[in-house]
Amino acid sequence: MTEPNVLQAVPFLWVKNMQASLRFYIDGLGFTRTKQWIPEDKIRWCWLELGNAALMLQESIPTKIPATKLGEGVSICFQCRNALAIYHDAIAHSLTPQTPFVGNNMWVTIITDPDGYKLDFESPTDVPEETIYSGNTELSTPTQK
């Protein structure tokens, strides 16, 4: 049996302000910067990891910023063991996630990054569809399917 050639798909996000994005992803969500490109003493590109997930960020060159709004219409879905833990961690780090809800048999926590990219953190649950999280521990326990 041969090894697969394609190993991973990693979203590549253009950002307007690398430092603001790094604060959001590293300080706010707990990502780790594992690779970077630093020409002229400024981070221009980096690879971030959270668990088994990864993202790449690259700062837009001021003269080449797209005319459309960055992040518009883009959602990145992270499959988690416990999306509610992400919600609580985000609040603890002064981020403003949406109140979690159950959709498609998963708890869904949505956080928007500084450039408008929508990050959905999702985990399986047996809680009824359309339940809105209230902090009740009984309702918040995700299940593995």
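These numbers come from a predicted model, not from an experiment. (Residues numbered from 1 in each chain as written. Predicted model: local features only at pLDDT ≥ 70, side-chain atom pairs only at ≥ 80, totals over all residues. Heavy atoms only, no water.)

## Regarding helix H2 (residues 83-92)
Those residues of H2 lying buried are Ala 83, Leu 84, Ile 86, Tyr 87 and Ala 90. Summarising the axial view, the buried residues of H2 lie within an arc of 155°, below the 170-degree limit, and thus occupy one face. Looking at where H2 begins, the residue whose side-chain oxygen comes 3.0 Å from the main-chain nitrogen of Leu 84 is Asn 82. Ser 94 occupies a position one or two residues after H2 and carries a positive phi of about 65°. (Buried < 20%, exposed > 50% of the residue type's maximum accessible area, 1.4 Å probe, protein only. Helix = DSSP H or I, 4+ residues; strand = E, 2+ residues; numbered from the N terminus. Arc of directions from axis to C-beta. Polar contact = N/O pair within 3.5 Å; in protein donor to acceptor, adjacent residues only side chain to side chain.)

## Considering the confidence of the model for the chain
The predicted structure's coordinates, where accompanied by low pLDDT, should not be read in detail. With 92% of its residues at a pLDDT of 70 or more, the chain shows a mean pLDDT of 89. Looking at the elements of the chain, mean pLDDT is at its lowest for helix H3 (residues 137-140), recorded as 51, and at its highest for strand E3 (residues 45-50), recorded as 98. (pLDDT = per-residue confidence, 0-100.)

## Some words on the sheet that holds strand E8 (residues 118-124)
Strand pairs in the sheet, formed through backbone hydrogen bonds, run parallel or antiparallel to each other. Pairing is mixed in the open sheet, where 4 strands are placed in the order E5-E8-E7-E6. For this open sheet the edge positions go to strand E5 (75-79) and strand E6 (101-103), each flanked by a neighbour on one side alone. Each adjacent strand pair in this sheet contributes to an overall mean axis angle of 35°, direction not counted. Direction of pairing for E6 relative to strand E7 (residues 106-112): antiparallel, over a ladder of 3 bridges. Within E7, the position partnered with Gly 103 by the bridge is Met 106. (Pairing = 2+ DSSP bridges. Axes fitted to C-alpha atoms, helices over the stretch in contact; angles between N-to-C directions.)

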